[in-house]
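Chain and residue survey
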Amino acid sequence: LCARNQSSGGKTLYTTSYLLSEQRDKWHDFYRLLIREAKSGDIFYFCEPKPWQLHILIRLTSEWLDFLWADSSMYFGEMQATEQRAGPAVLLAIRK
């Protein structure tokens, strides 16, 4: 799903829920291309049952994105690199 909000300067919000986990490693090329082509300031929202796919996403796309964990690990830096969460793993990313 993709939404463009003209009132916020035309930035695009890309939302993904459980797609990375469902597709396993089949999403890598698609998201690298999508993220590379996104405009500076565009926002990506990822929600997955466990964070392991999001850790892969961070490694694959950190050249183009800045990240913020928006789940139960948000205020616990030591928890962010682990698989432990209370609820789903949620990651926000902004195109550099």
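None of the values given here were measured: they were computed from a predicted structure.

The helix and strand tally for the protein stands at four helices and five strands. Across the protein, helices and strands are ordered from the amino to the carboxyl terminus as β-β-α-α-β-α-β-α-β. Along the three orthogonal principal directions, the C-alpha set of the protein runs to about 35 × 30 × 25 Å. Within the protein, the proportion of its 96 residues that are buried is 35%. Of the contacts formed within the protein by residues at least 6 apart in sequence, a portion of 67% connects residues at least 24 apart. For the protein, the exposed area adds up to about 5800 Å²; of that, 56% sits on carbon and sulfur atoms. Looking at charge distribution, the protein has the averaged site of its 12 positive side-chain charges lying 4 Å from that of its 11 negative ones.

We now examine the nonpolar core. Grouped together as the largest cluster of nonpolar side chains are 17 residues, with contacts concentrated most on Tyr-31, Ile-35, Phe-44, Phe-46, Leu-54 and Leu-57. Breaking this core down by element, the ones donating at least two residues are helix H2 (28-37), strand E3 (43-48), helix H3 (52-61), strand E4 (65-69) and strand E5 (89-95). Sequence-distant contacts of Tyr-31, that is, excluding residues within four places in its chain, are made with Thr-16, Leu-19, Leu-20, Phe-46 and Leu-57.

A separate point is the pairing of E3. If a strand is regular, its side chains alternate between the two faces of the sheet. Here strand E2 (residues 11-17) runs beside E3; their pairing, made up of five bridges, is parallel. Bridging from a neighbouring strand, Thr-15 pairs with Tyr-45 of E3. Relative to E5, E3 runs antiparallel, the two sharing six bridges. Across the sheet, the residue bridging to Cys-47 is Val-90, located in E5.

Turning next to the side chain of Gln-53. Residue position: Gln-53 is located in helix H3. Once residues lying within four places of it in the same chain are set aside, the contact partners of Gln-53 are Leu-20, Ser-21, Arg-24 and Trp-27.

Taken as a whole and judged by the stated rule, the model has three salt bridges. The closest approach of N and O atoms between Asp-71 and Arg-85, which form a salt bridge, is 2.7 Å. Separated by 14 residues along the polypeptide, Asp-71 in the loop between E4 and helix H4 (77-80) and Arg-85 in the loop between H4 and E5 bring together distant segments of the chain. Both residues of the pair, Asp-71 and Arg-85, belong to the buried class.

A grouping of Leu-13, Ile-43, Tyr-45 and Ile-94 is seen on the molecular surface, where their side chains present a nonpolar patch of about 300 Å² in accessible area. Turning to its location among the elements, Leu-13 is positioned in strand E2. Take Leu-13: its relative accessible area is 35%, and that puts it in the partly exposed class.

Reading guide: rules and limits
Residues numbered from 1 in each chain as written. Predicted model: local features only at pLDDT ≥ 70, side-chain atom pairs only at ≥ 80, totals over all residues. Heavy atoms only, no water. Helix = DSSP H or I, 4+ residues; strand = E, 2+ residues; numbered from the N terminus. Buried < 20%, exposed > 50% of the residue type's maximum accessible area, 1.4 Å probe, protein only. Contact = heavy atoms within 4.5 Å. Areas by Shrake-Rupley, 256 points an atom, 1.4 Å probe, with all protein chains shown as cover. Lys, Arg positive; Asp, Glu negative; His and termini not counted. Charge placed at Lys NZ, Arg CZ, Asp CG, Glu CD. Core = buried A, V, L, I, M, F, W, Y, C linked by side-chain atoms within 4.5 Å. Pairing = 2+ DSSP bridges. Salt bridge = Lys/Arg side-chain N within 4 Å of Asp/Glu carboxyl O. Patch = residues over 30% accessible without salt bridge, like charges linked within 9 Å, V, L, I, M, F, W, Y side chains within 5 Å.

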